[in-house]
Amino acid sequence: MHAPDVVVVGGGLAGLSSAYTLARAGVRVTLVERDAPGSGASGAAAGMLAAQHEPEADGPFYRLCVHSRDLWPELAGDLLAETGVDVELARGGIVSLADTPDAEDHLGLQATWQAAGGQAVRWWTPAAVQAHLPGAAATRGALWAVADGQVEAPRAVQALHLACVRRGVTFHVGTQVLGFQTTGRRVVGVDTTAGPISAGTVVLAAGVWSGALASWLGVRLPMFPVKGQMLALRPDGPGTGPWTARLTPVYGSGCYLVPKRDGRVVVGATAEPEAGFDRRVTVGAVARLGQAAAALIPDLERAPLVATWSGLRPGTPDRLPHLGPLPGWEGVVAATGHFRNGVLLTPVTGQVVADLCTGRTPAVDLQAFDPGRFAFGTAHCADPEVAPCRQAGAVACPYRVQD
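The present account deals with the structure reproduced in this document. Nothing here was measured: the structure is a model prediction, and the numbers come from that model.

1. Re the sheet that holds strand S13 (residues 224–233)
Phase 1 of the analysis: Read from one edge of the open sheet, eight strands run S5-S6-S4-S14-S15-S16-S13-S17, paired in mixed fashion. At either end of the open sheet lies a strand with only one pairing partner, and these are strand S5 (121–124) and strand S17 (305–315).
Phase 2 of the analysis: Where strand S4 (residues 94–97) meets strand S14 (residues 250–251), two bridges bridge the pair, whose relative direction is parallel. Bridge assignment links serine 96 to a residue of S14, and that residue is tyrosine 251.
Phase 3 of the analysis: Here helix H4 (residues 101–116) sits on the sheet and contacts S4, S5 and strand S6 (142–145); the angle it forms with S5, its principal contact strand, is near 150°.
Phase 4 of the analysis: This element, helix H9 (residues 283–296), spans S4, S13, strand S15 (256–259), strand S16 (265–268) and S17 of the sheet and lies at about 60° to S13.

Dropping the structure here:
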């Protein structure tokens, strides 16, 4: 058997999309996953394509998000044709409620700069909110990002996994990476519990574990888990309406609501960097999410609770992904740190990784996402109050990040 051209470490959406796009380009790919595909943050995600909600301002991250969102219809169509699996792409927009004065001010500014940049945004009056979200609590209005949407994340994992298999990707599941094979300053493979695997390029797409893997090469790739607890309701009659029929996610100040095709409404999500790698669901978090959902749409208080779960999002100090060559080494590419935008960034991540691994110039500017951006203290924590070093009471930032 020929050695693979590329070894992808990690079987979440970033790794699967990378492997799939590479395989479509004729590259021999092996994927190594410590558990099962989608067993981490990808399988736990609500699946929102919130390109116009997540970024705080125009810039490289906003443009990356919008570009990737607009790639999803083609990817969804390709996966359906290849595998028969429908990822349940819905483009009914995403609504952000102005349920506080601060939210009204923030969303008003968002609407202004996004409209100026050519994005489809609409401002709903309180009356329009009631028309589209019957039974919603009183608001000051809402921002409707018309082109945003959602997919069903577990089905996206399933479709990409099956498409990879059909494209000839070799999978080693339940397999841990133990180290890297190197020649000089070039990575030439990985050592695993299934044996050594040589390759021309290694892709680090291991989510919250990517920083530990990079440290074996002496590279500081700041990563930390941000626990997100979630629940699902199944409203019957009250609490449903045009927003559920259109599969339109709704954001409020305390939670988001994501209606699914099977009748569930997913409610999320906590953000708990202090939890570390603890994925246990807690009664306090479930209660807070339930109360927040009922505060947005009071009838949801009577909706049956059908499931609870959690995931560990791969966070970075500036909330931007690590996307590009690992500093100081040849033959290794990082595709990780997507935080809560892993589903949204799935298509563009695959394209960028495939370009880098095959010697092409990516279509997007990667400077803001350079995995080496923390090496000299030039980046900033997005929120120093939630950074793990602050939670632990450290005086100096261990990542040498200025804040």
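2. Comments concerning the packing of helix H3 (residues 60–83) against helix H6 (residues 153–166)
Each packed pair of helices is defined by two parameters, the angle between the axes and the distance between the axes.
Phase 1 of the analysis: At their nearest, the axes of H3 and H6 sit 9 Å apart, and the two run at 60° to each other. The angle between the axes of H3 and H6 places the two elements in the oblique class. As H3 packs across H6, the resulting crossing turns out to be left-handed. Of the residues in H6, those in contact with Trp72, Leu79, Glu82 and Thr83 of H3 are Ala156, Ala159, Leu160, Leu162, Ala163 and Arg166.
Phase 2 of the analysis: Residue classes in the contact of H3 with H6 are distributed as seven nonpolar, one polar and two charged.

3. Quick look at the packing of aromatic side chains
Phase 1 of the analysis: One pass over the full model with this rule turns up five aromatic pairs.
Phase 2 of the analysis: Seen from their ring centres, tryptophan 124 and tryptophan 144 are 5.5 Å apart, and the 40° between their planes marks the pair as tilted. Residue tryptophan 124 is found in strand S5, and its partner tryptophan 144 is found in strand S6; the two are separated by 20 residues along the sequence. Accessibility assignment for this pair places tryptophan 124 and tryptophan 144 in one class, buried.
Phase 3 of the analysis: Judged by centre distance (6.4 Å) and plane angle (70°), the rings of phenylalanine 180 and tryptophan 216 are edge-to-face. Separated by 36 residues along the polypeptide, phenylalanine 180 in strand S9 (residues 177–183) and tryptophan 216 in the loop between helix H7 (210–215) and S13 bring together distant segments of the chain.
Phase 4 of the analysis: Of the residues examined, tryptophan 216 reaches a relative accessible area of 45% and is grouped as partly exposed.
Phase 5 of the analysis: In this arrangement the basic side chain of arginine 34 is found over the ring face of tryptophan 209, its NZ or CZ atom lying 4.1 Å from the centre.
Phase 6 of the analysis: Sitting over the ring of tryptophan 329, arginine 185 keeps its end group 3.9 Å from the ring centre.

4. What about the sheet that holds strand S11 (residues 195–198)?
Phase 1 of the analysis: Sheet architecture is open: three strands sit in the order S9-S10-S11, paired in antiparallel fashion. Every other strand in the sheet has two partners, leaving S9 and S11 as the edge strands with one partner each. Adjacent strand axes in the sheet meet at a mean angle of 25°, parallel and antiparallel pairs treated alike.

5. Structural notes on the nonpolar core
Phase 1 of the analysis: Counting residues in each nonpolar core, the largest one holds 52 residues, and the members touching the most others are Val8, Leu22, Trp72, Leu79, Val87, Val169 and Val203.
Phase 2 of the analysis: At the level of elements, strand S1 (6–9), helix H1 (13–24), strand S2 (29–33), H3, H6 and helix H10 (346–357) are the ones that each hand at least two residues to this core.
Phase 3 of the analysis: With 10 residues, the single largest contributor to this core is H3.
Phase 4 of the analysis: Excluding residues within four positions of it along the chain, valine 169 makes contact with Ala19, Ala23, Val29, Leu31 and Cys164.
Phase 5 of the analysis: Counting residues in each nonpolar core, the second largest holds 24 residues, with Leu97, Val267, Val286 and Ala292 among its members.

6. Let's talk about H4
An α-helix turns once per 3.6 residues; consequently, residues spaced three or four apart project the same way.
Phase 1 of the analysis: Here H4 spans 23 Å end to end across 16 residues, near enough to the 22 Å set by a 1.5 Å rise per residue.
Phase 2 of the analysis: Looking one or two residues past H4, glycine 118 carries a phi angle of roughly 95°, positive in sign.

7. Digging into H6
Phase 1 of the analysis: An ideal rise of 1.5 Å per residue puts 20 Å on 14 residues; H6 measures up with 20 Å between its terminal C-alpha atoms.
Phase 2 of the analysis: Three or more residues of H6 are buried, namely Ala153, Ala156, Val157, Ala159, Leu160, Ala163 and Cys164.
Phase 3 of the analysis: On the buried face of H6, the contacting elements are H1, helix H2 (41–44), H3, strand S8 (170–173) and H10.
Phase 4 of the analysis: Of the residues flanking the end of H6, it is glycine 168, one or two places downstream, whose phi is positive at about 90°.

Conventions used here
Residues numbered from 1 in each chain as written. Predicted model: local features only at pLDDT ≥ 70, side-chain atom pairs only at ≥ 80, totals over all residues. Heavy atoms only, no water. Pairing = 2+ DSSP bridges. Helix = DSSP H or I, 4+ residues; strand = E, 2+ residues; numbered from the N terminus. Contact = heavy atoms within 4.5 Å. Axes fitted to C-alpha atoms, helices over the stretch in contact; angles between N-to-C directions. Parallel < 35°, antiparallel > 145°, perpendicular 65-115°, else oblique. Left-handed = near helix turned anticlockwise from the far one by under 90°. Nonpolar A, V, L, I, M, F, W, Y, C, P; charged D, E, K, R; others polar. Phe/Tyr/Trp six-rings, centres within 6.5 Å; stacked < 30°, edge-to-face > 60°. Buried < 20%, exposed > 50% of the residue type's maximum accessible area, 1.4 Å probe, protein only. Lys NZ or Arg CZ within 6 Å of the ring centre and 35° of its normal. Core = buried A, V, L, I, M, F, W, Y, C linked by side-chain atoms within 4.5 Å. Expected span 1.5 Å × (residues − 1).

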